[in-house]
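# Overview (structure and organization)
Here are the chains, one letter per residue:
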Amino acid sequence: MPETSPSHALSESSPGSLLREVARLYTRAQRVVADCCRTTSTQCHLLTELGRSGPLPLSELGTRVSLEKSWVSRAVEAMAARGLVTKEPNPLDARSWLVTLTADGVRTVNELNDTLDTHAEQLLRRLGERNRAAVEKSLLLLLQALREDQAANCCLPPPEAKDVKDKPSCC
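Keep in mind that this is a model prediction, so the values were computed, not measured. (Residues numbered from 1 in each chain as written. Predicted model: local features only at pLDDT ≥ 70, side-chain atom pairs only at ≥ 80, totals over all residues. Heavy atoms only, no water.)

## Section: a nonpolar patch on the surface
Residues Leu19, Leu127, Val135, Leu139, Leu142 and Leu146 make up a contiguous nonpolar surface patch of about 450 Å² in total accessible area. A total of four residues in the nonpolar patch trace back to one element, the largest contributor, which is helix H6 (residues 129-147). Among the structural elements, Leu19 can be located in helix H1 (residues 15-34). The exposure class assigned to Leu19 is partly exposed, which follows from its relative accessible area of 44%. (Patch = residues over 30% accessible without salt bridge, like charges linked within 9 Å, V, L, I, M, F, W, Y side chains within 5 Å. Areas by Shrake-Rupley, 256 points an atom, 1.4 Å probe, with all protein chains shown as cover. Salt bridge = Lys/Arg side-chain N within 4 Å of Asp/Glu carboxyl O. Helix = DSSP H or I, 4+ residues; strand = E, 2+ residues; numbered from the N terminus. Buried < 20%, exposed > 50% of the residue type's maximum accessible area, 1.4 Å probe, protein only.)

Right, here's the structure in full:
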C-alpha cells in the first residue's frame, strides 16, 4: 500500500498547502514574538482586533476573531483586570457589553504591533531586495483577493456598516 503521509518538499506542494504552511509557521512565530507583550495569544488576538476596529460588543468581538463567547469573556475579564480594556453596558443594546481599549490597552496594542512588525521586517530582510519586492507585491495581491473573498469576510459587517445588524448572513 502506498504511503499517504504528506510530502514536505515545497516544490511538490500545491499552492493551497504552501499557503497553509506559510500561514501556520508565521502564526507560530508571531505568537512566540508576541509573548513579549505579556499577553496570551487569545488576548493578543482580541487586543489587535480592538485596535483595528475600535470598541465592539463582546459578541461581535468573538465573532470577528472566531472564538467562543466563553473564551472571549474570560480573556476580556483578565484584560479588564489588567486595565487594558473596559467592559461597559452597550448603549445600543442593553443586553450586551461594549469592550473598549483603555490608554494602557492602546499602548499595549502599539507595542505589540511594533514588535510584530519588526519581526516581519527581519523575516523579509532575509529574502534579499528583489525577492522581497516580489513577495510584497504578492502579499498585496493576496490581501486584495482575501478582502474580496466571502469566506474571509464571513460574519464581519461591511466596512461601511457601523451597526451589527448589517452583518452578512453567511454565519
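## Quick word on the sheet that holds strand S3 (residues 93-101)
Judged by pairing direction, the sheet is antiparallel, and its three strands sit side by side in the order S1-S3-S2 without closing on themselves. For this open sheet the edge positions go to strand S1 (56-57) and strand S2 (85-90), each flanked by a neighbour on one side alone. Two strands pair when backbone bridges link them, and S1 and S3 are joined in this way by two bridges, in the antiparallel orientation. Within S3, the position partnered with Leu56 by the bridge is Val99. The sheet strands contacting helix H4 (residues 69-81) are S2 and S3, and the helix crosses S2 at an angle near 120 degrees. (Pairing = 2+ DSSP bridges. Contact = heavy atoms within 4.5 Å. Axes fitted to C-alpha atoms, helices over the stretch in contact; angles between N-to-C directions.)

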